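# Chains, contacts and geometry: an overview
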Amino acid sequence: MATCASCGNEYDKTFEVILAGQRHVFDSFECAIHMLAPVCEHCGCRIVGHGVEAEGVLYCCAHCAASEGEKRLRDRA
Ligand SMILES: [Zn+2]
Ligand SMILES: [Zn+2]
């Protein structure tokens, strides 16, 4: 049994995510996304797909990046 790092639930089918050398244990992808997924700088939604990065700032899609003035970016997903 392991304990979810996000909601504290004890569960026998947890999984680990290693992010930047840090090990996290979760009971569901929802919990993992809640804790680890970056947030779009423009609309504030969780970035679950590829996202777009511009000068260290993350956006959920090219539209959001363009709205913030990053007009040279194109969606890679
Ligand atoms: Zn959880
Ligand atoms: Zn967005």
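Up top you'll find the structure we're talking about.
## Considerations on the overall build of the chain
Across its full length, the chain holds two helices and six strands. For the chain, the sequential pattern of α-helices and β-strands runs β-β-β-β-α-β-β-α. Per-residue burial over the chain gives 25% buried out of 77 residues. Accessible area for the chain stands at about 5400 Å²; split by element, carbon and sulfur atoms hold 50% of it.

## Topic: the pairing of strand S3 (residues 15-19)
Taken together, the five bridges between S3 and strand S4 (residues 22-26) define a ladder with antiparallel strand orientation. In the strand pairing of S4, Leu19 is matched with Gln22. Linking S3 back to S4 in an antiparallel pair, the connection comprises two residues, with Ala20 at a positive phi of about 50 degrees.

## Looking at the coordination of the zinc ion (ligand 1)
Summarising the metal site, the zinc ion (ligand 1) is bound by the protein donors Cys4 (SG), Cys7 (SG), Asp27 (OD) and Cys31 (SG), whose distances to it range over 2.1 to 2.3 Å. Mapped onto the sequence, the donors of the zinc ion (ligand 1) take the spacing C-x2-C-x19-D-x3-C. Under the relative-accessibility criterion, Cys7 is labelled partly exposed at 48%.

## As for the side chain of His24
For His24, the position within the fold is in strand S4. Filtering out sequence-adjacent residues up to four positions away, His24 remains in contact with Phe15, Glu16, Val17, Leu19 and Leu36.

## A few points about the environment of Leu36
Mapped onto the secondary structure, Leu36 falls in helix H1 (residues 29-36). What makes Leu36 partly exposed here is its relative accessible area of 22%. The contacts of Leu36, once residues within four sequence positions are left out, are Val17, Leu19, His24 and Phe26.

## Some remarks on the coordination of the zinc ion (ligand 2)
Coordination of the zinc ion (ligand 2) by the protein comes from Cys40 (SG), Cys43 (SG), Cys60 (SG) and Cys64 (SG), over a distance range of 2.3 to 2.4 Å. Between the four donor atoms coordinating the zinc ion (ligand 2), the angles at the centre fall across 105 to 113 degrees, so the site counts as tetrahedral.

## Concerning the packing of aromatic side chains
Describing an aromatic ring pair means giving the distance of the ring centres and the angle of the ring planes. Using the criterion set out here, one finds two aromatic pairs in the structure. On the numbers, 6.4 Å between centres and 50 degrees between planes, the contact of Phe15 with Phe26 is tilted. Note that Phe15 is positioned in strand S3 and Phe26 in strand S4, a separation of eleven residues in sequence. Given the relative accessible area of 22%, Phe15 is considered partly exposed. Here the aromatic residues Phe15, Phe26 and Phe29 are joined through ring pairs into a cluster of three or more.

About the thresholds
Residues numbered from 1 in each chain as written. Chains lettered and ligands numbered in written order. Predicted model: local features only at pLDDT ≥ 70, side-chain atom pairs only at ≥ 80, totals over all residues. Heavy atoms only, no water. Helix = DSSP H or I, 4+ residues; strand = E, 2+ residues; numbered from the N terminus. Buried < 20%, exposed > 50% of the residue type's maximum accessible area, 1.4 Å probe, protein only. Areas by Shrake-Rupley, 256 points an atom, 1.4 Å probe, with all protein chains shown as cover. Pairing = 2+ DSSP bridges. Donors = N, O, S within 2.8 Å, 3.2 Å for Na, K, Ca; no water. Contact = heavy atoms within 4.5 Å. Tetrahedral: all angles 85-135°; square planar, octahedral: opposite > 155°, others 65-115°. Phe/Tyr/Trp six-rings, centres within 6.5 Å; stacked < 30°, edge-to-face > 60°.

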